[in-house]
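Descriptive structure summary
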Amino acid sequence: MSTETGTLTPDHDATQAPVEVTPPAQPLTLRKVFIGKIFIGKDGLRAGWSLLIFISLLAALLFGVRIIAHKLLPPSPKTTQTASELPPSPRLFIAEGVPFLGVFFIAWIMSKIEHRPNSVYGFGGIRKLWNFVAGLATGVVCLSLLVLLLLKTGLLVIDGRVLFGRDILRYGFVWFAMFVVVGFLEEYMTRGYLLYTLTRGLAGFYGWALKTRHSQAFGFWTSALILSILFGLGHGKNPGESPIGLLSAGLAAMVFCFSLWRTGSLWWAIGCHASWDWGQSFLYGVADSGLMAQHHLLATHPVGKPILSGGATGPEGSIFILAILALMSLIILFTLRHGSYGEAQHQDSDHGFSPSA
């Protein structure tokens, strides 16, 4: 400041803006870095924590739904019908539909936590709905080929028709709607969020351990194998189930995973799953993984050794199911577009979410 003229004058222009001082950045502590690496990876929340949160939320939701359903819909009184006969009742729709909505809701929550579009878990693309129609056609046609094979070899006998008139359309539609819901639940439960997230985690592990650019493919098929084994074993409590039936359920799950890998969506698998179950339970009146449905079109019974005829398990318990599953795989290979699941994962990576543990 100058005082020569008896007044105070500034040594610089009064209009000059004051200099802002930026406070020094606080250094990252070792604790913050350590905790960050535990919970956060290159693609955000690590896959292991994502799976833990998803399973915990889903278990809590389904537990609450079970309690409410038990209060609102108490168990039906026992009848003379066998436990393996399933009636087309609203209870079945609720038992399959509510869990699906729960799974979808929890997956939506996880998509918000992980900052991902919910479509990457299997329902992406309206244009892929055509795959649902193709899956419907494949399921009923391939089942018909298996039933025809059993009929021609004398391993299955059609006793006659059970339904007539309007009852054919009535129960045919009811059972079709029922098995579409089953397809949505079982496919999205085992090959939706769980498969995507387990793939994400294992791909990161393979990328770190093997230093390979095929880490995503290794992660996907390892995840598919694990979840398919669990899917097959999940049928073990069905009355009338057999070792061949459990094997075929697990292999069918792998076929559905193959369709997901080719198309990037679950639509083909849902359609095939639904029409296959509908064909067994309603159209041909055979057991579906050991379970029989009431009000089916035809009455049939197996003949001969169960390993050939399927026995109480149904056509899925016949060794001939292996040829049909191979045929389904060829249909997928030659009719569905290649590499879409991998491309969708790659696009997800471009937005900052690369497959990683």
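It should be emphasised that the depicted structure is a prediction, and the values quoted were computed from it without experimental measurement.

Right, let's get into the pattern of salt bridges. Taken as a whole and assessed by the stated rule, the structure comprises three salt bridges. For the salt bridge of glutamate 114 with arginine 200, the shortest nitrogen-to-oxygen distance reads 3.5 Å. One end of the pair, glutamate 114, is in helix H3 (residues 90-114); the other, arginine 200, is in helix H6 (residues 193-210), with 86 residues separating them in the sequence. The same class applies to glutamate 114 as to arginine 200, namely buried. Where glutamate 187 meets arginine 191, a salt bridge forms, and the shortest distance between an N and an O atom there is 2.7 Å.

Let us look at the packing of aromatic side chains. All chains considered together, the criterion is met by 24 aromatic pairs. A centroid spacing of 6.2 Å and a plane angle of 40° characterise the contact between phenylalanine 100 and phenylalanine 104, whose relative ring orientation is tilted. One end of the pair, phenylalanine 100, and the other, phenylalanine 104, are both in helix H3, four residues apart, so they sit about a helical turn from each other. Owing to a relative accessible area of 14%, phenylalanine 100 belongs among the buried residues under this scheme. By relative accessible area, phenylalanine 104 is classed as partly exposed at 31%.

Moving on, we come to helix H4 (residues 129-152). End to end, H4 covers 35 Å across 24 residues, agreeing with the expected 34 Å (1.5 Å per residue, within 8%). Of all the positions in H4, only Asn131, Phe132, Gly135, Leu136, Thr138, Gly139, Cys142, Leu143, Leu146, Val147 and Leu150 are classed as buried. Where H4 is buried, its residues contact strand S4 (156-161), helix H5 (166-191), helix H8 (243-263), helix H9 (267-283), helix H10 (306-309) and helix H11 (321-335).

Backbone geometry follows two general trends: most residues other than glycine have a negative phi, and most peptide bonds adopt the trans configuration. Its identity as a non-glycine residue notwithstanding, histidine 115 has a phi of 60°, on the positive side. Within the secondary structure layout, histidine 115 lies in the loop between H3 and H4. Classification of histidine 115 by relative accessible area gives exposed; the value is 61%. With phi around 55°, serine 289 is a residue other than glycine that occupies positive phi space. Given the relative accessible area of 4%, serine 289 is considered buried.

With 15 residues, H11 extends 21 Å between its outermost C-alpha atoms, agreeing within 8% with the 21 Å of an ideal straight helix rising 1.5 Å per residue. Buried residues of H11: Ile321, Ile324, Leu325, Met328 and Ile332, and no others. In an axial view of H11, the angular spread of the buried residues amounts to 100°, which keeps them on one side of the axis. In H11, those exposed residues whose orientation departs by more than 90 degrees from the buried face are Ala323 and Phe334.

Before going further, it helps to examine a nonpolar patch on the surface. On the surface, a nonpolar cluster with roughly 430 Å² of combined accessible area is contributed by Leu247, Leu251, Ile307, Leu308, Ile319 and Leu322. Broken down by secondary-structure element, the contributors of at least two residues to the nonpolar patch are H8 and H10. Here leucine 308 is to be found in helix H10. Judged by its relative accessible area of 32%, leucine 308 is partly exposed.

Taken as a whole and judged by the stated rule, the model has zero disulfides. In this model cysteine 142 remains outside any disulfide bridge; the closest cysteine sulfur is found in cysteine 272, 6.6 Å from its own.

Counting 36 residues, the largest nonpolar core has Trp175, Trp276, Phe282, Tyr284 and Met328 as the members making the most contacts within it. Here the element with the most residues in this core is H9; it accounts for seven residues. Leaving out residues up to four positions away in the same chain, tyrosine 284 has contacts with Leu143, Ser144, Val147, Gly279, Leu298 and Thr300. Formed by 31 residues, the second largest nonpolar core is a distinct cluster that contains Phe100, Val103, Ala107 and Val120.

Put simply, the protein has an average pLDDT of 84, and 80% of its residues get 70 or more. Confidence drops under pLDDT 50 across residues 1-9; counting only partners more than four residues distant or on other chains, this segment forms nine contacts. Counting contacts from residues 79-83, a segment whose pLDDT is below 50, to residues more than four positions away or on other chains yields one contact.

Attention now goes to the environment of serine 275. Structurally, serine 275 is set in helix H9. Expressed as a C-alpha distance, the spacing of serine 275 and leucine 136, which sit 139 residues apart in the sequence, is 5.2 Å. Leave out the neighbours within four places in its chain, and serine 275 touches Gly135, Leu136, Gly139 and Val140. There is a polar contact of 2.8 Å between the side chain of serine 275 and the backbone oxygen of leucine 136. A distance of 3.4 Å separates the side chain of serine 275 from the backbone oxygen of cysteine 272, its partner in a polar contact.

Cut-offs applied
Residues numbered from 1 in each chain as written. Predicted model: local features only at pLDDT ≥ 70, side-chain atom pairs only at ≥ 80, totals over all residues. Heavy atoms only, no water. Salt bridge = Lys/Arg side-chain N within 4 Å of Asp/Glu carboxyl O. Helix = DSSP H or I, 4+ residues; strand = E, 2+ residues; numbered from the N terminus. Buried < 20%, exposed > 50% of the residue type's maximum accessible area, 1.4 Å probe, protein only. Phe/Tyr/Trp six-rings, centres within 6.5 Å; stacked < 30°, edge-to-face > 60°. Expected span 1.5 Å × (residues − 1). Contact = heavy atoms within 4.5 Å. Arc of directions from axis to C-beta. Patch = residues over 30% accessible without salt bridge, like charges linked within 9 Å, V, L, I, M, F, W, Y side chains within 5 Å. Areas by Shrake-Rupley, 256 points an atom, 1.4 Å probe, with all protein chains shown as cover. Disulfide = S-S within 2.5 Å. Core = buried A, V, L, I, M, F, W, Y, C linked by side-chain atoms within 4.5 Å. pLDDT = per-residue confidence, 0-100. Polar contact = N/O pair within 3.5 Å; in protein donor to acceptor, adjacent residues only side chain to side chain.

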